[in-house]
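Topology and contacts: notes
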Amino acid sequence: APQLFINRHCQICEFYSICKKIAVDKDDLSRLPGLNPNKIEKLNDKGIFTVNQLSYTFKPRRKRKKRRNKTNPFRPELKALSLRENKIYVFETPTLTKNEVEIYFDVEGLPDCNFYYLIGMVICNDGSIEKHSFWANSKNEELKQFEKFYEVLSKYKNFTVYHYGDYEKKYLRQMLRKSKKNDQKLLTKCCNV
């Protein structure tokens, strides 16, 4: 049998549950997202074959006075420690910019079909809360719903958009290209949470 390696495409395979069980039983390194076969091979060369072994290699570094403006890279050893101890660790508390208007934004879609069917947003403005949802029933309506979303956003001058991960940013880039709007300000106002 070939060497087991769990990747993001495994979820559509009919044997995913079997392979996942084997990976959990073996405590296989491929369970950690962000580790490709080359990185796993380098860890194996160092004598690290399981998630448990990798978890003992995490060492938090001291903060330097001069800080680089780079985001923290994915740390597989911290993820392994989190799995071993069954806890959630935050590497560094994010600093978020505060504005008078805060917009919480989420997009739902079907990545395989490249179709985004729901845009949800909550706008907090001076203690009042507005909720909006824009539904697209087909791919033809997708751009119209984005236009409505953009129209609501354009009412505000000074705001911050909060979202989780890069899925929403990817969506914004793609829809700004489709609608032929060149709004880089919108992308820079987005803070990953």
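As shown above, the structure is provided for reference.
Please read these numbers as outputs of a predicted model, since none were measured by experiment. (Residues numbered from 1 in each chain as written. Predicted model: local features only at pLDDT ≥ 70, side-chain atom pairs only at ≥ 80, totals over all residues. Heavy atoms only, no water.)

A closer look at the overall build of the chain
Tallying secondary structure elements over the chain gives seven helices and five strands in all. Mapped in sequence order, the helices and strands of the chain form the string α-α-α-α-β-β-β-α-β-α-α-β. Among the 193 residues that make up the chain, the fraction classed as buried is 34%. The long-range fraction of contacts in the chain, counting pairs at least 24 apart against all pairs at least 6 apart in sequence, stands at 51%. (Helix = DSSP H or I, 4+ residues; strand = E, 2+ residues; numbered from the N terminus. Buried < 20%, exposed > 50% of the residue type's maximum accessible area, 1.4 Å probe, protein only. Contact = heavy atoms within 4.5 Å.)

Quick look at the side chain of S55
One can find S55 in helix 3 (residues 51-55). According to the relative accessible area criterion, S55 is buried, its value standing at 2%. Here the side chain of S55 touches N52 through a polar contact of 2.6 Å, landing on its backbone oxygen. Those residues within four positions of S55 in sequence are excluded, and the remaining contacts are E77, A80, L81 and R84. (Polar contact = N/O pair within 3.5 Å; in protein donor to acceptor, adjacent residues only side chain to side chain.)

Some remarks on the state of the cysteines
Per the stated rule, a full pass over the model turns up zero disulfides. Cysteine C13 remains unbridged, with the sulfur of C19 as its closest cysteine sulfur at 6.2 Å. In this structure C13 comes out as partly exposed when scored by relative accessible area, which is 37%. (Disulfide = S-S within 2.5 Å.)

A short note on helix 2 (residues 37-45)
Where helix 2 begins, one side-chain oxygen reaches toward the backbone nitrogen of N38, 3.1 Å away; that side chain belongs to N36. In the stretch just after helix 2, G47 is the one whose phi turns positive, near 90°.

Thoughts on helix 4 (residues 76-85)
Taken residue by residue, helix 4 has P76, E77, L78, A80, L81 and S82 as its buried positions. Taken together, the buried residues of helix 4 touch helix 3. Directly after helix 4, the chain includes N86, whose backbone phi takes a positive value near 55°.

Regarding the packing of helix 5 (residues 139-153) against helix 6 (residues 167-178)
Contact geometry for helix 5 and helix 6: axes closest at 10 Å, N-to-C directions at 105°. What the angle tells us is that helix 5 and helix 6 run roughly perpendicular. Residues E142, L143, F146, F149 and Y150 of helix 5 form the contact with helix 6, whose participating residues are Y171, L172, M175, L176 and K178. Grouping the amino acids of the contact of helix 5 with helix 6 by side-chain chemistry returns eight nonpolar, no polar and two charged. (Axes fitted to C-alpha atoms, helices over the stretch in contact; angles between N-to-C directions. Parallel < 35°, antiparallel > 145°, perpendicular 65-115°, else oblique. Nonpolar A, V, L, I, M, F, W, Y, C, P; charged D, E, K, R; others polar.)

Some words on the packing of aromatic side chains
Under the defined criterion, the tally for this structure stands at 11 aromatic pairs. Ring geometry for F105 versus F149: centroids 5.0 Å apart, planes at 20°, classification stacked. Taken as a pair, F105 in strand 1 (residues 101-110) and F149 in helix 5 lie far apart in primary sequence, 44 residues in all. Across the pair, F149 and F105 agree in class, each one buried. Aromatic ring contacts, followed pair by pair, group F105, Y116, F134, F146, F149, Y150, Y167 and Y171 into a single cluster. Directly above the ring of Y56 sits R84, whose terminal nitrogen or CZ lies 3.9 Å from the centroid. (Phe/Tyr/Trp six-rings, centres within 6.5 Å; stacked < 30°, edge-to-face > 60°. Lys NZ or Arg CZ within 6 Å of the ring centre and 35° of its normal.)

Topic: the pairing of strand 1
Bridge count between strand 1 and strand 2 (residues 115-125): 10 bridges; the pairing is antiparallel. In the strand pairing of strand 2, V107 is matched with I119. Taking the residues that link successive antiparallel strands as the turn, the strand 1-strand 2 hairpin has four residues, and the phi of N114 there is positive, at about 55°. Note that strand 1 and strand 4 (residues 159-163) share four bridges and pair parallel. Paired with V101 across the strands is F159, a residue of strand 4. (Pairing = 2+ DSSP bridges.)

Any functional reading would require information that these geometric values do not contain.
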